[in-house]
Each structure stands twice: as structure tokens, then as C-alpha cells.
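Below are the chains, spelled out letter by letter.
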Amino acid sequence: MSKPGDFEAVRKDIVGILKQKPYDDGSIGPVLVRLAWHASGTYCKDSDTGGSNGAGMRYEAEGGDPANAGLQHARVFLEPIKEKHSWITYSDLWTLAGVVAIKAMGGPDIAWKAGRSDFADETLLPPRGRLPDGSQAQDHLRHIFYRMGFNDQEIVALSGAHNLGRCHADRSGFEGAWVNNPTRFSNQYFKLLLKLKWEKKQLNRDGAPWQWVARSAGMDDDDEPLMMLPTDFSLTQDAEFRPWVEKYAEDQELFFRDFSNVFAKLIELGVYRDEDGIARFSHLEKGKAEYRSAPQKSATPQGPGAGKDGEASKAAEENKTGVPAMRAKL
Ligand code: HEM
């Protein structure tokens, strides 16, 4: 166990687990970025609920939301880090892992602050259905991201995270990567959105959603095509979004700067800190907050997209038993 508050040691250990040869394209970085985003993207500014504080995905009610399918892998990959640095909260660990992964994959530095706490029960979990649906278009994106407090430019910048990783048939139903090198952060996603000849295609599988596919120069017919979600493609079809796609395609530095700012804002959603930097669960909560970290969970992936359909999350059950959370002073 490291010294409570030694986040540098945690960062180093996260970097150390990123390369996982047999997994996807050889790195768990992309799925860690998606974990940080889904932990935060439940925020609603009107009701002041959701967001990255609490680490609600430990509970089946949030972790089992079909929108979160596959993220159990990310959470389980992080368990050895939690085991070694047991003082850290899951909500800090998940957001920090996203930031560390982006940097390690060639992306910008992103401001990250410690102090999130873990829920001790399910009472403050956000409802399901707050995350975006890739089969929709620009109106839906605005509906979802305005609820979190983002504007059009920020929506486009955030979408640039799809430079990383891939879609999985057993998670979202979509299939393929957005760019040729999905473990290297760049502005390639925006370039390809504008440059390639995208065709609408329903992959050859029962119930598969339609997506956009294309091959870039040098790809063979039997190579897996590149893909765009309907939501990604809609960015090029919208008078307010498209100019930002063009700017980011032309200017990687601008994209990195804007992405860094907007990702830092994303992972702060729903986090209210007292003067010591420790987060409370609501801005109305009074009194001094404690850095409250939940006990370690199961170390095997469960639930949808884990290859064992329908299995309830044993780990989430464990957390419902009221095991006292670990408290640490930072
Ligand atoms: C704009 C609305 C968005 C939609 C509709 C959307 C949808 C999706 C879908 C369907 C997948 C594939 C999941 C799978 O099958 O494994 C995915 C993956 C991913 N998303 Fe998004 N997403 C959105 C925004 C974002 C944002 C804001 C970020 C981060 C800032 C992000 C980061 C990622 C990453 C890194 C992956 C790859 C995960 C992996 O390789 O396992 N997405 N997204």
C-alpha cells in the first residue's frame, strides 16, 4: 500500500498496465477513457445529479445500464491499482485513469484534481438513459450535452475522443475503429470524417444497427473498414458543428487545447469541493467532507459484454451489504 495521497505513485502504476497485448488493439487506454467519460456524463445541471463523484457504476443499477456495457473490463483492469493503493476512491481512480491514458497515448495534459468520494449506497445514483445513443443525430447530441452544460464547440471537441478505441458488437452493437491507429491520440478522426467517402452500412449480423463505413488509402478490401457512428457523422451535417470539425481537422494544436479544457470540465461535473479539496455529494451538503473510499470489488468482469450474459454483478451486491467504506485523510 502506498502513502495516502501519493497520486504520482498511482499515475505510474496506471501507465504500467496500459499495454495489454491480447486486448483489442494492444492497449486498455481507450476503454479507460470511456470509463472516465461514462462516470461523468450522467450529470444533469438542472437537477444537479449524476457526474463523476460517487463511482455509481459499482452498483448494478448504473453499471448494468446497457450504455455502460463493456466498462466492467475497464473497472476490473483497474482493480490491481485499487488493491495496491486502497486509500484511493474509485471515483478518483476512474477519472485519473482516463487522464493518464490520454497523455500516455500521445494526447494533451489534462488538469485533474483529487477529492471525489464513493457512494456508500444507491440512493444518489443517477437514473439510466442519460448517456448518448450513437444511432441518433445532432438534435440528440445537443439534448444530452446541453443537459451537462456543454456548448456546440465543446460537443465537437469531446467527440474527438473517438480518435481512440473501437466499437464492439457485443457491447454497443456497432463494430470497428474510427481511425487507423486507435491507440494514438490525434486529430485524425476529424480529418477522416471530412476526407473519406463514407457509406451507410448495416453489418452482416441480425439486429446490427447501421453505421458509416469507409476504407482509407492503402487498406485492402478484406481489411476491417473504418467506421463512424450516426452521431459522429451528424457533426459534418450541422451548420454549427461542421466549422469546428473543419478547424480541428486543420489544427491539431487547437484541438488538443480545446479537448484538454473540455475533458477537465467533464470530469469535474457534479463535484463540489470544500476548502480542503474534498468533494461533497451536493453543493447543499453542509459540514466537513471526508475522503471516503469504497472497499475493493471483485476482480472478474461480469454483466453484459463480459462474455457471460445476464450475470448479476456480484461486486455490486457486495457493496449493497453496507460494508463500511475506507476513510483516509489526504
Ligand atoms: C457524442 C456522443 C457519443 C456517443 C454517441 C458515443 C458512443 C460510443 C459508442 C457506441 C462506443 C462503442 C462502445 C463499444 O462498443 O465498445 C464508444 C466508444 C468510445 N467512446 Fe464514445 N460516444 C460519445 C462520446 C464520447 C465522449 C465524449 C468520449 C470521451 C471524451 C468518448 C470516448 C469513447 C472511447 C475512448 C471509446 C472507445 C472505447 C473502447 O475502445 O473500448 N465518447 N462511444
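Being a predicted model, the structure only gives us computed values, none of them experimental.

Chemist: For the overall build of the chain, give the residues involved together with the corresponding values.
Modeler: From N to C terminus, the chain includes 13 helices and nine strands. Here the chain has a C-alpha radius of gyration of 19 Å; the compact-globule value for 330 residues is 20 Å, and the two agree. If one aligns the C-alpha atoms of the chain with their principal axes, the spans along those axes are about 55 × 40 × 35 Å. In the chain, which comprises 330 residues, the proportion classed as buried is 44%. Of the contacts made within the chain by residues no fewer than 6 positions apart, 73% connect residues no fewer than 24 positions apart.

Chemist: How would you explain helix α11 (residues 242-250) if you had to name every residue and give the values?
Modeler: When we look at burial in α11, the residues that qualify are Trp-244, Val-245 and Tyr-248. Down the axis of α11, the sector holding all buried residues measures 105°, keeping them to one side. The secondary structure elements touched by the buried residues of α11 are α8 (152-159), α9 (188-195) and α12 (252-266).

Chemist: Tell me about the packing of α8 against α12, and please be specific about residues and values.
Modeler: Put simply, α8 and α12 touch, their axes get as near as 9 Å, and they point 100° apart. Relative to α12, the element α8 lies roughly perpendicular. Contacts between α8 and α12 pair Glu-154, Ala-157 and Leu-158 from the former with Phe-255, Asp-258, Phe-259, Val-262 and Leu-266 from the latter. Of the residues assigned to the contact of α8 with α12, the class counts are six nonpolar, no polar and two charged.

Conventions adopted
Residues numbered from 1 in each chain as written. Predicted model: local features only at pLDDT ≥ 70, side-chain atom pairs only at ≥ 80, totals over all residues. Helix = DSSP H or I, 4+ residues; strand = E, 2+ residues; numbered from the N terminus. Rg over C-alpha atoms; globule rule 2.2 N^0.38 Å. Buried ≥ 20, exposed ≤ 12 C-beta atoms within 10 Å, placed from the backbone. Contact = placed C-beta atoms within 7 Å. Arc of directions from axis to C-beta. Axes fitted to C-alpha atoms, helices over the stretch in contact; angles between N-to-C directions. Parallel < 35°, antiparallel > 145°, perpendicular 65-115°, else oblique. Nonpolar A, V, L, I, M, F, W, Y, C, P; charged D, E, K, R; others polar.

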